[in-house]
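A look at the structure
For reference, the chains in residue letters:
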Amino acid sequence: MVQRCMGWITVASVVTADVTLLFLRLFKQSSSNMGDREYPIILCHGPTKHELIVSGDMTVQDLVVKVEEVTQVPRGHQKILHKGRNLVNSSSNLSQLGVGHGAKVMILGKISPQRTEVEEEEEDKESEAIRKIDMSCTGLETTLNEVITNVNCIERNFDTHSRGEALGRFRKKSLGINEEFMRLLEQLDGLELQENAKVRRKCVVRRIQTLMEKSDRLHDQINNLRVKYP
């Protein structure tokens, strides 16, 4: 009787070992094929759920692109969470991150508002207006730098002929440059812009203000030299 029981225990142990080995082989095969096959995952964006077909060898950056297409959340504003982990900055693929069949992935981020053709045309016009003002600013900056170079030459005594007369011309020119900068600021202030264009305008305004400060320093330098060389 004891021998018979021992026999059954031995058989059971062998069967258990075989089943375990078979399971491990199947799991290994499944894992190795995970990157080759496509499968669905669930994107949860607020109250809305989307089914998305992915593959295990898909990178996170590829997923970011698909998430933008499906949810309309811009790539730079996405947070992609899986089991509490933000995947956006990961360099791994979905298989390595454990995002498998039927996985739920939470998407955080605001939807980019859809623009009409009229709004796009209006934004293009606004951008072009700001670009032209910025180009005018570049031209004035070139002229300003030329005047600064000439005034520095006078200060270093590289030009000894008619210094007072030359300083008078450069003073007049620097005042004209400052007036042009003021005119550009007035043009920028008169533009009615959408939010995106307002950011670009702010950058150009700061540039002009910086150049006007540079022009003011030049004006002070010229006045000091005129006292020295009347």
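The text that follows walks through the structure, step by step, so that each part is easy to find. All figures in this text were calculated on a predicted structure; none of them were measured in a lab.

Calculation criteria
- Residues numbered from 1 in each chain as written.
- Predicted model: local features only at pLDDT ≥ 70, side-chain atom pairs only at ≥ 80, totals over all residues.
- Heavy atoms only, no water.
- Helix = DSSP H or I, 4+ residues; strand = E, 2+ residues; numbered from the N terminus.
- Buried < 20%, exposed > 50% of the residue type's maximum accessible area, 1.4 Å probe, protein only.
- Contact = heavy atoms within 4.5 Å.
- Areas by Shrake-Rupley, 256 points an atom, 1.4 Å probe, with all protein chains shown as cover.
- Polar contact = N/O pair within 3.5 Å; in protein donor to acceptor, adjacent residues only side chain to side chain.
- Salt bridge = Lys/Arg side-chain N within 4 Å of Asp/Glu carboxyl O.
- Pairing = 2+ DSSP bridges.
- Axes fitted to C-alpha atoms, helices over the stretch in contact; angles between N-to-C directions.
- Core = buried A, V, L, I, M, F, W, Y, C linked by side-chain atoms within 4.5 Å.

A few words on the overall build of the protein. When its secondary structure is counted, the protein shows six helices and five strands. Secondary structure of the protein in N-to-C order comes out as α-β-β-α-β-β-α-β-α-α-α. Buried residues in the protein amount to 30% of all 230 residues. Taking all contacts inside the protein whose residues are at least 6 apart in sequence as the whole, residues at least 24 apart take part in 65%. As displayed, the protein offers around 15500 Å² of accessible surface, 53% of which is attributable to carbon and sulfur atoms.

Turning to its location among the elements, T71 is positioned in helix 2 (residues 60–71). Overall, the relative accessible area of 3% leaves T71 in the buried class. From its side chain, T71 meets the backbone oxygen of V67 in a polar contact 2.6 Å long. Residue contacts for T71: discarding those within four places in its chain leaves H45, H50 and I111.

Taken as a whole and judged by the stated rule, the model has six salt bridges. Note that R131 is salt-bridged to E128, the shortest N-O span being 2.7 Å. Highlighted residues: R131 and E128, both in helix 4 (residues 117–155), separated by three residues, approximately one helical turn. Residue E128 is classed as partly exposed on the basis of its relative accessible area, which comes to 31%. In this structure, the salt-bridge partner of R207 is D134, at a minimum N-O distance of 2.6 Å. One end of the pair, R207, is in helix 6 (residues 195–228); the other, D134, is in helix 4, with 73 residues separating them in the sequence.

With that settled, the discussion passes to the sheet that holds strand 3 (residues 79–82). If you walk across this open sheet you meet the five strands as 2-1-5-3-4, and the pairing is mixed. At either end of the open sheet lies a strand with only one pairing partner, and these are strand 2 (48–55) and strand 4 (85–86). Relative to strand 5 (residues 104–108), strand 3 runs antiparallel, the two sharing three bridges. The partner of L81 across the bridge, within strand 5, is M106. The strands that helix 2 touches are strand 1 (38–45), strand 2, strand 3 and strand 5; relative to strand 2, the one it contacts most, it runs at about 145°.

Following the sequence through the fold, S174 ends up in helix 5 (residues 163–189). Given a relative accessible area of 1%, S174 falls into the buried group. Reaching out from S174, the side chain makes a polar contact with the backbone oxygen of R171 at a distance of 2.8 Å. Aside from chain neighbours lying at most four places away, what touches S174 is S215, L218, H219 and I222.

Soluble globular proteins tend to pack their nonpolar side chains together in the buried interior. V151, F170, F181, I208 and L218 are the most contacted members of the largest nonpolar core, which has 27 residues in total. The set of elements that each furnish at least two residues to this core consists of helix 4, helix 5 and helix 6. For this core, the leading source of residues is helix 4, giving nine residues. Discounting chain neighbours no more than four positions away, the residues touching F170 are V147, N150, V151, I154 and I222.

As paired elements, strand 1 and strand 2 share eight bridges and run antiparallel to each other. Of the residues in strand 2, the one forming a bridge with H45 is T48. Between the antiparallel neighbours strand 1 and strand 2 lie two residues, among them G46 with a positive phi of about 65°.

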